[in-house]
Amino acid sequence: MKMLTNKHYIYQSPGMGLGNFIQMTYSIVSLSIKFQKRIPVYFSKDFVGNCFKDCDFIERLHRKPNYIPMNDPNWSYEDKGVPEWMNIFNHFNEKYGLEDIHQSTYIDNPPCPEGLEGKIVIMNGSGNYDREYLDKKLADLKAFKYALKDRKMSRKKLLFIGSKEDKEINQDLIKALKCETVDLNMRQSLAVVLNAKHVITNDTGLAHAAGSWGVSMDVLWKNTPFVKNTNPGENTRYIFTGN
């Protein structure tokens, strides 16, 4: 089995979104435990790195090393019939002989902005705004109404969480569901999601965040790879909305 040296690090590449990196944390925790050290990580996206300020298993690098990272930044993680976090763990396990400690994935759980705890949160986001990709990823109004009715939450006050772009492409959804919106930074949005009473969302990065902490959640699944993109959250329910 390989040992870690000073020239080992994880690279969160520009093509690796928040959800993809959360899927890697299961393995990064295991690597940290195996080698009794923080694992160096270079984040190409500050908003992703800022979601991991509090963890004790990552050493954040502020300059990209000029040597090859432990992970292939272009990994596509082909669908092997297992969740991506498990597929990544199996890859690192073959190299380093890791112990599967059966933890969850990880993301920070920062303090929630006052007055925004215990909300019913609606999300319908994407890190890629290509129209063809959005058509595969975004859930429609009918799916959200179904989940709300099934949970007996159809008359509850809702809070939409997402980026400026998410709000723009979901204007009709926000209006139809009479969602409240607020301007929050990434860590504040993360905190609201992790302290929500319930989350209804499409397959997006903050859905993986909610899964890490076992938040009660319905994920409205459209046309992205299913088993590969699921999270280990015990309180996650998947609702298939069709193509």
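Scroll up to find the structure this text is about.
Only a predicted model underlies this, so the values are computations on that prediction, with no experimental measurement involved.

### Remarks on helix α8 (residues 186-194)
So, point 1. Buried residues dominate α8, accounting for 7 of its 9 residues.
So, point 2. Of the positions making up α8, those classed as buried are Arg187, Ser189, Leu190, Ala191, Val192, Val193 and Leu194.
So, point 3. Measuring from the side-chain oxygen of the N-cap residue of α8 to the backbone nitrogen of Arg187 gives 3.2 Å; that N-cap residue is Asn185.

### Structural notes on the environment of His198
So, point 1. Residue placement: His198 occurs in strand β7 (residues 198-201).
So, point 2. The exposure class of His198 is buried, given its relative accessible area of 0%.
So, point 3. Those residues in contact with His198 that sit more than four places away from it in its chain are Lys119, Ile120, Val121, Arg151, Met153, Ser216, Met217 and Asp218.
So, point 4. One polar contact links His198 to Ser216, side chain to side chain, over a distance of 2.7 Å.

### Things to note about the packing of aromatic side chains
So, point 1. With the rule as written, the count across this model stands at 16 aromatic pairs.
So, point 2. Geometrically, the ring pair formed by Tyr9 and Tyr67 is edge-to-face, given 5.6 Å between the ring centres and 85° between the ring planes. Of this pair, Tyr9 sits in the segment before β1 (10-12) while Tyr67 sits in the loop between β3 (58-61) and α3 (84-96), placing them 58 residues apart in sequence.
So, point 3. Residues Phe43 and Phe52 carry aromatic rings whose centres are separated by 6.0 Å and whose planes lie at 15° to one another, so their mutual orientation is stacked.

### Quick word on the sheet that holds β7
So, point 1. Pairing within the open sheet is parallel, and its 6 strands lie in the order β6-β5-β4-β7-β8-β9. Of all the strands in the sheet, the pair left with one neighbour each is β6 (180-181) and β9 (236-240).
So, point 2. Where strand β4 (residues 120-122) meets β7, 3 bridges bridge the pair, whose relative direction is parallel. Directly across from Val121, in β7, lies its bridge partner Val199.

### Some thoughts on the environment of Val41
So, point 1. Residue placement: Val41 occurs in strand β2 (residues 39-43).
So, point 2. Taking the C-alpha atoms as reference points, Val41 and Met16, separated by 25 residues in sequence, lie 13 Å from one another.

### Section: the nonpolar core
So, point 1. With 52 residues, the main nonpolar core has Ile10, Phe21, Phe52, Ile58, Phe92, Ile107 and Ile161 as its most contacted residues.
So, point 2. Elements that contribute at least two residues to this core include exactly α1 (18-35), β2, α3, α8, α9 (205-212) and β8 (217-221).
So, point 3. For this core, the element with the highest residue contribution is α1, accounting for 9 residues.
So, point 4. Contact partners of Phe52, with chain neighbours within four places excluded, come to Leu18, Phe21, Ile22, Thr25, Phe43, Ile58, Tyr106, Ile107, Asp108 and Arg187.
So, point 5. In this structure, Ala143, Leu177, Cys179 and Ile200 belong to the second largest nonpolar core, which totals 17 residues.

What counts and what doesn't
- Residues numbered from 1 in each chain as written.
- Predicted model: local features only at pLDDT ≥ 70, side-chain atom pairs only at ≥ 80, totals over all residues.
- Heavy atoms only, no water.
- Buried < 20%, exposed > 50% of the residue type's maximum accessible area, 1.4 Å probe, protein only.
- Helix = DSSP H or I, 4+ residues; strand = E, 2+ residues; numbered from the N terminus.
- Polar contact = N/O pair within 3.5 Å; in protein donor to acceptor, adjacent residues only side chain to side chain.
- Contact = heavy atoms within 4.5 Å.
- Phe/Tyr/Trp six-rings, centres within 6.5 Å; stacked < 30°, edge-to-face > 60°.
- Pairing = 2+ DSSP bridges.
- Core = buried A, V, L, I, M, F, W, Y, C linked by side-chain atoms within 4.5 Å.

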